[in-house]
Amino acid sequence: MARFNLHIIIIGGGISGIAAAWELRKTGAEVTLLESRPRLGGRLTSHHPAGSPTPFDNGPHLFLSTYTESLKLFRELRIADHFVFPYPGRIHVIRRDGLRGNLGEWPLFAPFNLAAGLVFFNLLSWKARSRILRTTRELISSTLPPDQSAETWLAGRSESEEREIFWQPLIHAALNAPVNAIPASHLGIVFKQGFCRGWRGGRLGYATKPLDELFGDRVKEKLESAGVQVRLKTSAWGGQLTQNNPDRITGVFVGKNEVIPCDEVVVALPPWALAEWASAQFIQHDGLSNSSWLQPPHFLDEWQANPIVTIYLWADERPLLELYTSLPGRSIGWVFDYGRLWNDRRAPVALMLEMQPATDLWDTQIPGIRSWTRSHFPLDSERIFADLFSALPQLSGVRWKMWKIIRERRATPLRPASLWGILAKQTTAVSNLYLAGDWLDPELPPTVEAAVRTGIKVGKLITGKE
Ligand SMILES: Cc1cc2nc3c(=O)[nH]c(=O)nc-3n(C[C@H](O)[C@H](O)[C@H](O)COP(=O)(O)OP(=O)(O)OC[C@H]3O[C@@H](n4cnc5c(N)ncnc54)[C@H](O)[C@@H]3O)c2cc1C
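Residues numbered from 1 in each chain as written. Predicted model: local features only at pLDDT ≥ 70, side-chain atom pairs only at ≥ 80, totals over all residues. Heavy atoms only, no water.

Q: Give me a nonpolar patch on the surface: which residues, what numbers.
A: On the surface, Trp106, Leu108, Phe109, Phe112, Phe120 and Trp199 cluster together into a nonpolar patch covering about 760 Å² of accessible area. Here Phe120 shows up in the loop between helix H3 (112-119) and helix H4 (126-141). Residue classification places Phe120 among the exposed positions, given a relative accessible area of 54%. (Patch = residues over 30% accessible without salt bridge, like charges linked within 9 Å, V, L, I, M, F, W, Y side chains within 5 Å. Areas by Shrake-Rupley, 256 points an atom, 1.4 Å probe, with all protein chains shown as cover. Salt bridge = Lys/Arg side-chain N within 4 Å of Asp/Glu carboxyl O. Helix = DSSP H or I, 4+ residues; strand = E, 2+ residues; numbered from the N terminus. Buried < 20%, exposed > 50% of the residue type's maximum accessible area, 1.4 Å probe, protein only.)

Now the structure itself:
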């Protein structure tokens, strides 16, 4: 708290940069938040296409009631009232053969609230249910190997029945990644921290307004009223080091020639944007190679990304669905009804496509998707709509008015197996340069909670509280 006369620059106005700015403004320091896009929020954003009856999110987001740091931040930023965590929670599931069921929560202490729901989950055989209970007990009580994939770990403990109907949808929703792309240890942590903490454990929750209204407009207003200088449409592209002080950044480059002087810098970017920023970073200094400032070095180079594809459909009139429905074993993983989420009948139905097994590069596409966006309508539309209408026949007679496909090529950072178990530090070899972002939390997979935790942590590192 004593370092009140500093100027701190935060690069990146996603939720990790927002959390860092909020934490650091408490020190009395001068805080500047730089965001390259016209709005704050990063991946927590929405689109406003011309002619569409409502905006739509760049991808449906679910929040867990155990996202404690995020919920605390949302309360402080005065947006918490717009998040709802239905209690007792339930997930509507429609099996491939059309049979429907609810994975419901019971009014018991966690994890018994979910365990009881599972016992009564009639879409799985008794044997499958008891195998899941045994496996979750093992998940909760032991430390899982950081070098084995969740898929391999589950293969020895489960059958295809529960993998399709329980594990894959759950991992898709809670970890934002295909089951072969995460270490088993992450699954264990998510279970312990996400579903077994607190009285009620992890209930699923959602935002009742478009994400950019909350994280763009309201958060910006709140940050500015607290004294943070927010500069939108301002892309940072490097840092200035001087010969006299080679291990400190003295300024950040923005625009064509502007250098913003600073005492501390927080780079709150996903790995691909950090790599881009870093490639220009030490331009006035010969001694440091591009990645020698990162700890561990070369950690950045190997990161990949996981794509998420969502189709939004609007109609003037249509039946309302459940808040969210899991469609295991189909081309669509989840269906979200924004009419229910936002309580607005004009809002769209969102089809979140099933995740493909993880492949190797940031740029790797889900086959066919690029051509989808080029063509007038998805090439695979026949299969997708056949799957949709067989699961939700009440939608088959609807006259759809408009559709949009959002393909987030880099939806979440994906840690390749070569980096499993390796911890990245948020401090760097440059003494006043810190990192934040959803990929840097030592425990959680890339989620909103992970991003917020790293933003808060960087605030504590700078103020010397940690
Ligand atoms: C479709 C989709 C669905 C998801 N679902 C969930 C979910 O259900 N639950 C969940 O917890 N998480 C979910 N996530 C993940 C979650 O959105 C992210 O983990 C989180 O928002 C990441 O925040 P961040 O601040 O780390 O990064 P970002 O949000 O990527 O923020 C980085 C910011 O930096 C800006 N920037 C980039 N380069 C520069 C530069 N040079 N100068 C200035 N600014 C720059 C970018 O414009 C961006 O605003 C989902 C993500 C997507 C895309």
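There is more to say, and it comes next.
Q: Lay out empty space enclosed by the protein in plain terms, naming residues and giving numbers.
A: Inspection of the entire model under this criterion finds three cavities of 30 Å³ or more. In this structure, the largest cavity occupies an estimated 110 Å³ of space. Contributing to the lining of the largest cavity are 13 residues, with Leu64, Tyr67, Gln193, Gly194 and Leu444 lying nearest its centre. Looking at the lining of the largest cavity, the elements with two or more residues in it are helix H7 (184-195) and helix H13 (448-463). For the lining of the largest cavity, the leading source of residues is H7, giving three residues. In terms of residue class, the lining of the largest cavity is made up of six nonpolar, four polar and three charged. For the lining of the largest cavity, the domains that each give at least three residues are domain 1 (7-44 + 213-302 + 418-463) and domain 2 (106-198). The space that makes up the second largest cavity amounts to roughly 60 Å³. Secondary-structure elements contributing two or more residues to the lining of the second largest cavity are strand E9 (204-207) and helix H10 (338-341). Broken down by class, the residue content of the lining of the second largest cavity amounts to nine nonpolar, one polar and one charged. (1 Å grid on protein atoms, 1.4 Å probe; cavity = no way out; pocket = protein on both sides within 12 Å on 5 of 7 lines; lining within 4 Å. Points joined across faces, edges and corners; volume = space filled by probe spheres on them. Nonpolar A, V, L, I, M, F, W, Y, C, P; charged D, E, K, R; others polar. Domains from an automatic or database assignment.)

Q: Let's hear about the side chain of Ser185: which residues, and what values?
A: Position of Ser185 among the secondary structure elements: in helix H7. In contact with Ser185, not counting residues within four places along its chain, are Leu144, Pro145 and Pro146. (Contact = heavy atoms within 4.5 Å.)

Q: Residue-level account of H13, with values.
A: Under the 1.5 Å per step criterion, the end-to-end length of H13 is 23 Å for 16 residues, consistent within 8% with the ideal 22 Å. Just beyond H13, the residue with positive phi is Gly464, at close to 80 degrees. (Expected span 1.5 Å × (residues − 1).)

Q: Got a sec to walk through the packing of aromatic side chains? Specific residues and values, please.
A: According to the stated counting rule, one finds 21 aromatic pairs in the structure shown. Relative to Trp167, the ring of Phe166 has its centre 4.9 Å away and its plane inclined at 85 degrees; by these criteria the two rings are edge-to-face. Of the two residues, Phe166 and Trp167, neither departs from the other in class, the shared state being buried. Summarising the aromatic geometry, the rings of Tyr338 and Trp342 are spaced 4.7 Å apart at their centres and angled 70 degrees between planes, so their arrangement reads as edge-to-face. Residue class for Trp342 comes out buried when judged on its relative accessible area of 9%. By way of ring pairs, the aromatic residues Phe56, Tyr312, Trp314, Tyr338 and Trp342 are connected into one cluster. The side chain of Arg25 reaches across the aromatic face of Trp22, ending 3.6 Å from its centre. Positioned above the aromatic ring of Trp126 is the side chain of Arg129, whose terminal nitrogen or guanidinium carbon lies 4.1 Å from the ring centre. (Phe/Tyr/Trp six-rings, centres within 6.5 Å; stacked < 30°, edge-to-face > 60°. Lys NZ or Arg CZ within 6 Å of the ring centre and 35° of its normal.)

Q: Explain the packing of H4 against H7 to me, and be specific about the residues and the numbers.
A: Packed helix pairs are specified by the crossing angle of their axes together with the interaxial distance, meaning the distance between the axes. In the contact formed by H4 and H7, the axes pass within 8 Å of each other and the chain directions differ by 90 degrees. The orientation of H4 relative to H7 falls into the category roughly perpendicular. Between H4 and H7, the contacting residues are Thr136, Leu139 and Ile140 on the first element and Leu187, Gly188, Phe191 and Lys192 on the second. (Axes fitted to C-alpha atoms, helices over the stretch in contact; angles between N-to-C directions. Parallel < 35°, antiparallel > 145°, perpendicular 65-115°, else oblique.)

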